[in-house]
Amino acid sequence: MKPSRFEYFAPESLAEAVALRDAHPGAAVLAGGQSLLPIMNFRLGRPEQVIDLRKASELAFVRVQNDVVEVGAMTRQRDLERDEGAARANPLIAESLRLVAHAVIRNRGTVGGSIAHADPAAELPALLSCLDGSVEVAGVRGRRRISAGELFVFHLTTSLEPNEVITSVSFPALEPSWGWSFLEVTRRHGDFALAGVCAALKLDGDRCVGQVRLAACGIGTTPVRLSTAEEALLSRPLTEKALREAGRAAAGYVTAGDETQASTAYRRQLVEALVRRSLLRAAARLERRTS
Amino acid sequence: MTGVETSEAVEAEQKTSLRVVVNGTAYERVVPVRRLLSDFLRHDLGLTGTHVGCEHGVCGCCTVLVDGRATRSCLTLACQVDGLSLTTIEGVKSADGGLHPVQQALSDCHGLQCGYCTPGFVISILEVLNSPDELDLSEEGVREMISGNLCRCTGYQGIVDAVRQAAVAMGRDGDAGKGAPA
Amino acid sequence: MTSAPSFGTRVRRNEDERLLTGRGRYIDDITLEGALAVAFVRSPMASARIISVDTSQAMALEGVHLVVTCDDIEHLDTEMPLLIPDPSLTSPRTQRPLARGEVFYVGQTVAMVVADDRYVAEDAADLVEVVYEPLEAVVGVDRAVASGARSVHEGVAGNVAAHSRQRSGEPDAAFASAEHVTSVTVRVERSSAAPMEPRAVAARWDSVLGELTVWDGTQAPISVRGGLASLFGLDEHRVRVVAPDVGGGFGQKVLLFYPDEVLVPWAAVKLNRPVKYIEDRQENFLGSTHERLQVHHIELAATRDGLVTGLRDSFLHDTGAFIPYGLAVAQVAAGQIAGSYRIPNISVDFKAVYTNTVPVTPYRGCGRPHACFAIERAMDVLADDLGIDRFEIRRRNFIGTEEFPYDRPGLIFADGQPVSYDGGDYARALSLLEEALDPPAFRAEQEAARSEGRYLGLGLACYVEGTGLGPYEGGHVKVHPITGKVYVNTGLSSQGQGHATSFAQIAADEVGVSPSDVVVVEGDTGEFDWGVATFASRAAVVSGNAIRKAALIVREQIVHQASQMFEAAPEDIVIEEGKVFVQGVESRALTLAEVATMSNPLRYAFNKAAQSATQFTPAARRDGAALAEGAHPGLEATDYFSPASTTWAYGVHGAIVEVDPATFEVKVKRYVCVHDCGRMINPMIVEGQVIGGVAQGMGGAFYELLDYDAEGNLRNASLMEFLMPYATEVPRVEISHLETPSPRNPLGVKGVGEAGTIPVAAAFASAVEDALAPLLHGHLLDVPLSPTSLHAATRAG
């Protein structure tokens, strides 16, 4: 389990990285390496070039401004998890990060790396989808922004061009009027989720759902925004009936087939339960946050 | 099994020079760019206390501190730590050169059997007990704290007990929280 | 100062300091100047003909020293030995070091590469071109024995390697007259020991001396030495096998031979350079042996009030593609199938079945967890069928304290001896569990919880464990004259069991020193080369008693020597804390080092003690020879222990769990273990063995299975997907010890290495079933239990 041979580049700047990326469209971009290195050690991936972003220090930052938490792609997950400004602006970020693997993996794993890897069972892509976040990418022809909805295409596949690099990830803030929750079920602590549900919720004056955002991981080929479940909840109080209907709507999004650790039927039940529990937890937090 | 296509660029093994400080000693070595940090420590520097158990980041046997942070050395290329400072199990000791409180506690509480996973546990526990993060020394909290490392022998109970004993010895039990001693 | 015996106390381990400071010496930690690295080309197919192998590209790669197939390995190109033959094993098949013509499982070794380092070796392995013609794979015991199934091996019809039948009493009559019969089919999934250190072998050939040294992470260095000597045609003392620190074994490292164990020494001789093979994790799953998969159909004949009168068990044992270790796993399961119960009439049949999967050899428990799962689940179902409490039905059937030794005539255990339990108090163990778990209080809590939609369950499982098998082990004890340290040798190797402490305690107490002054050396045929291996929970019983015998002789030697030196009566000599003196005259004490020096008649005075030991010392003058006829110099003895019969440990585990009815996650609220392994040498180490065993049992109960697809691909050959539990998945274990000394050895000990693992899956299935009873359709008869399997069990109509 040793990587095959490759040519190694450690560009000093983003511009240099982008140029290298353009020159070597088959290259692997090495951020934290916590997903890439296992693939290389198993020789499931044999990139001919590796572009290591470790020296591009301009890509490691956490900025909170204009109701957005903007996180440089090379920011270590652990740093974002500990960032007090980010936690104030959007507590769902740290809650999601604490579910990502184990702390030691988050020590090196980067925010941009996890998003670019686009594992449908991973938490950060689901979080980005839930929040309607976006990424900024850089290519030789300049920068552009891709929304979460446009970004995740398939299992381990994003809509980035082969010569583009993610520079930052933007998570919209959640004002104090929002409740939040990320719940998942894993086999072991730190494993990828059999299913996870990320929820953010705003209640209006008469305790009816004013705004709600729901996304799931582990249930299909991409993180999934549970839109029909959201619609089922709008303008209704969180009654048993509403929760059940939202759960059922969410269960309909499960496309993962029967697997050893989770049958499709089990995953559907799991999503239903997690939607319910996540919504109730978000609402309970909202109560605490606003009281 | 078919042969791999090899581009001209990777036909020759690319090497790079790197400088690191490990356990306070500075080293400079020329290594292939694909050399894993675990192999670099073990075979290039002869620091064999860092063990290799899975090479895909799950077992934690190869955990070392990179600039104070617990890191899987099997998921890190040696060249990625150029210019950084590392601590391996060989560098863990108490002020008087004896066993560090974490090591002492593991022995007192029978937190090791075959010893293969032990250096990884020592390093992982050390990072947490030295971190500024709030500590949760409840049974569940400690188990979560060490949940990035696998042990096949002990059933973890002795390790959990050892974390608590070490936390007391290091003065991390009282406030259960912030402002840990340096 | 009186020295209390260390036996029975929580002595801290002698081995810890080294292991905690990074000074362990596992095989890949041993520097061999100029060592080359090995990688294997392994079959990607479960069953296929090999059409061609082209090694030319690999050989051309810079840094590659050797690429070999079966055509190149000379006398090694032969089937490896069948280690434990048995008359019922009618169609044994063992594998060749490198496949010839055909492959039988994914991972089988086809070619070996030796290169400058492992990176290059893997590059070269990728360049070896093998053309296969795929054949239909036979996967799963049920499919393998189904009519029309293809034969894994030509000439083995029905894929049955062995068919064994054993009877005790009159089972047919018992079933014919039974008032009630309960029958269930249970399945324990395939698993792996997955030690944290994968296997490893290194070898160095000294062409000048004609000596081969092999470092092997094995549980059986002496046996490996014998086998290698035989394969290479060398005298045994020209082959030294060293098992240094070994990072866990659990049975997987006892097999001889894995292909690498013969090919690495061969390559070292061939190239006249040191060669290392360090198995990686993926290879550990694909190339090192598996265990556990058995399907039991078990029936209990009983009276209406729950007295079990007969047991019929028929099971399939998946042995994988080869059967190098014989029938050990299946035979142990068969021998223990009746567990803790009197059951006078037993019929047990099994078939060992070939499939196109990794070969199966013993893994911690070795058939016991399977048998325990079968009998304990059947007892629970019987209790439910008859409306009897699950504790009560066990109490009614336990072998009573007055019935020992309890024989099961007709059943043969894995040591070839008749099954005969030595003793214990099974009912007392159950009572202790009841006291700990308080079932009546639990039932009230369970009912209250159910009314809130929470599902609590209590389960239990009893077990017995035949431990301490022969044939024999030896012990060598020597007091060193310079340091006074007591060296102990035995023929085993340790993979974490704490031999360096437990054996030290035994010797320390007899010789009269502190355990920290005893140095245990094992795992090196250069130090001691009579013995068998570490397996079957036998080290404490067999080596422990051998060491005690040797230590007693050394103690006599010390007393004899000291009584001469002090001109005192032997019964007045005291040995304490390494000091030797005449009772009441401690001020004139000699150190053990001095006594050891003086026990050796010297010519040269190299230190103070030696001055008085030379032949020129007036005190040493005597008539005749310095050494009496039949005497030997020094304080040193070797003795052996060969048990006539097995010792039987036993116990009962109980669990309280809560199952989430929506997600089917299981939370363990209590886990209680009552066990009896005879007299405990070191309770701390015993608890470590038990708790570690429970954690592996947790793996089998809830998490671990090897997931083969229909084509014979192992889908989860990684620790990412083979779900070995972390600390977060393992509960705190509460332990109660019982200590019934075994009458079958002087120390009164029984083995404990495997005990913790045995009943765990059965106890959890019992508990989870109890929790989900209102939702379940039927019983939980398959492990591991996963959320998705529990979900399915509540859905099945």
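Since this is a predicted model, take the numbers as computed values, not measurements.

Some points on the overall build of chain C
Looking only at helices and strands, chain C has 20 helices and 29 strands in total. For 797 residues, the compact-globule estimate of 2.2 N^0.38 gives 28 Å, and chain C sits close to it at 28 Å. The principal-axis extents of the C-alpha atoms in chain C amount to approximately 95 × 70 × 50 Å. Residues counted as buried form 65% of the 797 residues belonging to chain C. In chain C, of all internal contacts separated by at least 6 residues, the share reaching a separation of at least 24 is 79%. Of the roughly 26800 Å² of accessible surface on chain C, a fraction of 50% belongs to carbon and sulfur atoms. The averaged location of the 103 negative side-chain charges in chain C is 2 Å from the averaged location of its 66 positive side-chain charges.

Some words on the packing of aromatic side chains
Where two aromatic rings form a pair, the distance of their centres and the angle of their planes describe that pair. Residues and elements named next belong to chain C. For the coordinates displayed, the defined rule picks out 18 aromatic pairs over all chains. With a centroid separation of 5.0 Å and 55° between ring planes, the pair formed by Phe413 and Trp648 is classed as tilted. With Phe413 in the loop between β16 (406-412) and β17 (418-421) and Trp648 in strand β26 (residues 647-659), the pair connects residues that are 235 residues apart, well separated along the chain. With respect to burial, Phe413 and Trp648 carry one shared label: buried. An aromatic cluster of three or more residues is present, and its members are Tyr341, Phe398, Phe404, Tyr426 and Tyr650. Seen from the ring of Phe535, Arg538 lies directly overhead, with NZ or CZ sitting 5.1 Å from the centre.

Digging into the nonpolar core
Of all hydrophobic cores here, the largest spans 240 residues; its most connected members are Leu214(A) and Phe764(C). When residues in this core are grouped by element, the largest group, 11 residues, is from helix α10 (residues 368-386) of chain C. For Leu214(A), the contacting residues outside a window of four places in its chain are Cys130(A), Val197(A), Cys198(A), Ala199(A), Val224(A), Arg225(A), Leu226(A), Ala229(A), Glu230(A), Leu233(A), Val275(A) and Leu279(A). Val479(C), Ala508(C), Val511(C) and Ala637(C) belong to the second largest nonpolar core, which has 47 residues in total.

Brief notes about the pairing of strand β13 (residues 294-302) of chain C
Residues and elements named next belong to chain C. By the criterion of burial, β13 is predominantly enclosed, with 8 of the 9 residues buried. Bridge count between strand β8 (residues 180-188) and β13: 9 bridges; the pairing is antiparallel. Counterpart to Val188 in the pairing with β13 is Gln294. Taken together, the 9 bridges between β13 and strand β14 (residues 308-320) define a ladder with antiparallel strand orientation. Within the sheet, the bridge partner assigned to His296 lies in β14 and is Phe315. Between β13 and β14, which pair antiparallel in sequence order, lie 5 residues; one of them, Gly306, sits at a positive phi of approximately 90°.

Calculation notes
- Residues numbered from 1 in each chain as written.
- Chains lettered and ligands numbered in written order.
- Predicted model: local features only at pLDDT ≥ 70, side-chain atom pairs only at ≥ 80, totals over all residues.
- Heavy atoms only, no water.
- Helix = DSSP H or I, 4+ residues; strand = E, 2+ residues; numbered from the N terminus.
- Rg over C-alpha atoms; globule rule 2.2 N^0.38 Å.
- Buried < 20%, exposed > 50% of the residue type's maximum accessible area, 1.4 Å probe, protein only.
- Contact = heavy atoms within 4.5 Å.
- Areas by Shrake-Rupley, 256 points an atom, 1.4 Å probe, with all protein chains shown as cover.
- Lys, Arg positive; Asp, Glu negative; His and termini not counted.
- Charge placed at Lys NZ, Arg CZ, Asp CG, Glu CD.
- Phe/Tyr/Trp six-rings, centres within 6.5 Å; stacked < 30°, edge-to-face > 60°.
- Lys NZ or Arg CZ within 6 Å of the ring centre and 35° of its normal.
- Core = buried A, V, L, I, M, F, W, Y, C linked by side-chain atoms within 4.5 Å.
- Pairing = 2+ DSSP bridges.

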